Amino acid sequence: MRYRLAAIAAILVLLVLGVAATMADFHNGDKIRYVQHEDSAKLSDLSEKDRQAAQTTEIDPENFATHLPIVTIDSRGKDIPGNVYFDETGHRVTGEGGRAVTIAAEDGNPYITADVATFDDNGDANRLSDKPELACPAHVNIRGNTSRLFDKKSYKVVFVDEDDETKRDAHKFLGMRSSSEWVLHGPELDKTLMRNYLTYTLADKYMNEWVPDTRFCEVFVNGEYKGIYLAVESIRVEEGRLELTDSSGPGGSTSYVVSVDKKGETTTTINEFLHYTLRLTQYMAVEYPSKRDLNEARKRYIANDISSVEKALFSYDFDSTLWGWRATMDSSSFVDMFLLNEFVINDDFTSYSTYLYKDIRGRLTLGPCWDYNNCYDNYKDPTPPDHFYQVERGWYFMLFKDPEFTERTIGRWRELRQGVYSDENIDKFIDGTVAYLGPAVERNYKVWGYTFDPANMDTNQKLEPDDRNPANYEAAIAQLKTFMHERAKWMDENIENLRQYSHRSATKKFQG
């Protein structure tokens, strides 16, 4: 009997080890992201001939060479739609949801069909004369909100089938997971060129939820060099991105994704509890199910479901295990998203570019994270590093009334400062990215160098006052580093002050 038990125990150990190995393989293959500046070919990895060609500032298409991937867009002789429409008085025209009205294509569509190609040998210098890694038709348009006004445009790219332009076709894009829809973010306001890359890559190291993947590249549009861009996975419900149960149940029940972003009502907005009680200034819009699949029953279900969660949070029983927020909200996501957006001082958080989702079998989750171009004191108005900005906004007004949530937040910050957000890791990451981009930065600013002079920019394209705008790339990097160190130091010294928001004297009226 004793030997039989020993044999069974040995088998169980092997099974556990096998499961652990399988989980490790899954983790390494799926969660651990390819960090471009660490894992891809660098300038120094090229042959001597290629290195000499790729380290020049040459931007003529015939002689251009780079160690970065290249993306080209050929608009087939058409203007790419999406620019902001101005009236005869020079004012932006706004439409549904308070968004700016944009100029459509000649056929009335918000996009054109263009030819998109990528060049990414990842070993030799990339040239436009090379055979493309990917060449595919795509629907392309200018994207963004305020960034539509910038000279350096950002683009949405949706790959389509050769024979049916309405059918989306999934492709790997610069080594990222296959999908049909992508964003080409053109950093203009961000003179470091790396705020989104930095934020997404570091967030992926500790968040449990999906974080968009990214790749630096150099872009040509109709044969004209447009500089350094960041290719980004868009927020979509699909395998490899935001994975939710595809299910519809009684009463319109469904998995869903919503964004806090709209100034006014549209056909996809909902008026949930925090909006009609003025805790959130903008409307929530349903992003999933898609507009095509969003019937009234589903829309009503989503509004009621979010409202029920928020009402539980803003109730006398808010900290009850059975009836309060803990039963309906994913606490880890709200802790991590608070610390991320607080650390980088994302002034748009809970007003713009803020997402929530819920799997039909899960809890309300905050995220995915999105759009950090104007963070790290890169907002139009100064954001000093010595304040808490998010602690009383939206859901956090009540979450910090709960001592358990407060203690988890404090402990999580201490943990992150020992690793992902340590001073050493921050400096190593920034310096490594600068070294990786190398001569591509100089090529970028051969085109966009005039943006360093605030006299050349209008009020939407610069920081105020003028002396906050860095005079060159080196100053921009120094500014980013200084902010991150000062902000981290201030949070180290003040994170425990969050306890004041959950002190008995501050929560008495919420506890019946």
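For every chain, the first residue of the written sequence is number 1, and numbering continues from 1 along that sequence. Only residues with pLDDT of at least 70 are given local features in this predicted model, and only at 80 or more are side-chain atom pairs given and counted; all residues enter the totals for whole chains, interfaces and linings. Side-chain measures here rest on the full set of heavy atoms in the structure, leaving out hydrogens and waters.

Draft legend 1. Structural detail: a nonpolar patch on the surface. Patch construction takes residues with relative accessible area above 30% that form no salt bridge. Like charges are linked within 9 Å, and nonpolar side chains (Val, Leu, Ile, Met, Phe, Trp, Tyr) are linked within 5 Å. In this description, accessible areas are obtained by the Shrake-Rupley approach with a 1.4 Å probe, and a residue is regarded as covered only by the protein chains that are shown. By definition, a salt bridge exists where a carboxyl oxygen of Asp or Glu is found within 4 Å of a side-chain nitrogen of Lys or Arg. Judged by side-chain polarity, Y85, V101 and I103 come together as a nonpolar surface patch covering roughly 250 Å² of accessible area. With respect to the helices, strands and loops of the structure, V101 is situated in the loop between β1 (70–74) and β2 (112–119). Working definition: helices are DSSP H or I runs of at least four residues, strands are E runs of at least two. Numbering for both runs from the N terminus.

Draft legend 2. Region of interest: the sheet that holds strand β14 (residues 365–366). Following DSSP output, two strands are said to pair if at least two bridges run between them. With antiparallel pairing, five strands are arranged side by side in an open sheet as β11-β12-β10-β13-β14. Two strands bound the open sheet, and with one partner strand each, they are β11 (269–270) and β14. Throughout, a residue-residue contact means that at least one pair of heavy atoms, one from each residue, lies within 4.5 Å. A fitted line through C-alpha atoms represents every axis, and for helices the fit uses only the stretch in contact; the resulting angles, taken between N-to-C directions, go from 0 to 180 degrees. Along the sheet face, helix α6 (residues 296–313) touches β10 (256–262), β11, β12 (283–288) and β13 (354–358) and points at about 80° away from the line of β10.

Draft legend 3. Spotlight on the nonpolar core. Definition used in this section: a nonpolar core is a set of buried Ala, Val, Leu, Ile, Met, Phe, Trp, Tyr and Cys residues joined via side-chain atoms within 4.5 Å. A simple rule labels every residue: compare its accessible area, found with a 1.4 Å probe on the protein chains alone, to the largest value its type can have, and call it buried under 20%, exposed over 50%, or partly exposed in between. Ranked by size, the top nonpolar core spans 97 residues in total, and within it L340, W395 and Y396 carry the most contacts. Take this core: its biggest share by element is eight residues, from helix α12 (residues 473–494). If near-sequence neighbours (up to four positions away) are discounted, Y396 is found in contact with F334, M337, F338, F349, L366, Q390, V391 and F405. Of all hydrophobic cores here, the second largest spans 25 residues; its members include V157, F159, L174 and A231.

Draft legend 4. Structural view of the packing of helix α4 (residues 195–204) against helix α10 (residues 423–437). At a minimum axis distance of 11 Å, the contact between α4 and α10 shows a crossing angle of 130°. One finds that α4 runs oblique with respect to α10. Here the hand of the crossing between α4 and α10 comes out right-handed. Residues Y197, L198, T201 and L202 of α4 form the contact with α10, whose participating residues are N425, F429 and T433. Oblique is the label for any angle not covered by the other classes, which are roughly parallel (under 35 degrees), roughly antiparallel (over 145) and roughly perpendicular (65 to 115). Note on convention: the crossing is left-handed when the near helix lies turned anticlockwise from the far helix by less than a right angle, right-handed when the turn is clockwise.

Draft legend 5. How the structure looks around the pairing of strand β9 (residues 224–233). Among the ten residues of β9, nine are classified as buried, and the element is accordingly described as predominantly covered. With four bridges connecting them, strand β7 (residues 181–185) and β9 associate as antiparallel partners. The residue bridging W182 from the neighbouring strand is E233, located in β9. Where strand β8 (residues 214–221) lies against β9, eight bridges are found, and the strand directions are antiparallel.

Draft legend 6. Representation of the sheet that holds strand β3 (residues 134–143) in the model. Spatially, β1-β2-β3-β4-β7-β9-β8 is the arrangement adopted by the seven strands of the closed barrel, whose pairing is mixed. Direction aside, the axes of adjacent strands within the sheet are offset by 40° on average. In this sheet, strand β4 (residues 154–159) lies alongside β3 in antiparallel orientation, the contact comprising six bridges. Bridging across to β4, H139 finds its partner in V158. Along the sheet, α4 contacts β7, β8 and β9; its crossing angle with β8, the most-contacted strand, is approximately 155°. Taken strand by strand, helix α11 (residues 439–448) contacts β8 and β9, and its axis lies near 120° from that of β9.

Draft legend 7. Summary view of the side chain of H37. Relative to the elements of secondary structure, H37 occurs in helix α2 (residues 36–39). Owing to a relative accessible area of 5%, H37 belongs among the buried residues under this scheme. In the analysis that follows, any N or O atom pair within 3.5 Å is treated as a polar contact, provided that within protein one partner can donate a hydrogen and the other can accept it, and provided that, for residues neighboring in sequence, both atoms belong to side chains. In terms of polar contacts, H37 uses its side chain to reach the side chain of Y197, at 2.7 Å. Contacts of H37, omitting those with residues within four sequence positions, involve K42, Y197, F429, G432, T433 and Y436.

Draft legend 8. Looking closely at the packing of aromatic side chains. Centres within 6.5 Å make a pair out of two Phe, Tyr or Trp rings, where for Trp the six-membered ring is used; the pair is then stacked when the planes are under 30 degrees apart, edge-to-face when over 60, and tilted otherwise. The full count for this structure, using the stated rule, is 31 aromatic pairs. Look at Y200 and W370: their rings are 6.2 Å apart centre to centre, the planes differ by 35°, and that puts the pair in the tilted class. Linking Y200 in helix α4 with W370 in the loop between β14 and α8 (396–399), this pair joins segments that are 170 residues apart in sequence. Residue Y200 shares its accessibility class with W370, and that shared class is buried. With a centroid separation of 5.6 Å and an interplanar angle of 70°, the aromatic rings of Y206 and Y421 are classed as edge-to-face. Taken together, the residues Y206 in the loop between α4 and β8 and Y421 in the loop between α9 (403–417) and α10 connect sequence positions 215 residues apart. We note that Y206, like Y421, is buried. Counting every residue linked through ring pairs, the aromatic cluster contains W325, F334, F338, F349, W395, Y396, F400 and F405. Its end group placed over the ring of W182, R241 keeps NZ or CZ at 4.5 Å from the ring centre. The ring centre of F397 lies 4.2 Å from the NZ or CZ of K401, which sits over that ring. Comment: the charge-over-ring label is applied if NZ (Lys) or CZ (Arg) is within 6 Å of the ring centre and within 35 degrees of the ring normal.

Draft legend 9. Local environment of the pattern of salt bridges. Considering all chains together, one arrives at 32 salt bridges under this definition. With a shortest N-O distance of 2.6 Å, R195 and D190 are connected by a salt bridge. An identical accessibility class is assigned to R195 and D190; each is buried. Here D347 and R393 are joined by a salt bridge, their closest N and O atoms 3.1 Å apart. Taken together, the residues span a long stretch of sequence, with D347 in the loop between α7 (331–343) and β13 and R393 in the loop between β14 and α8 at a distance of 46 residues.

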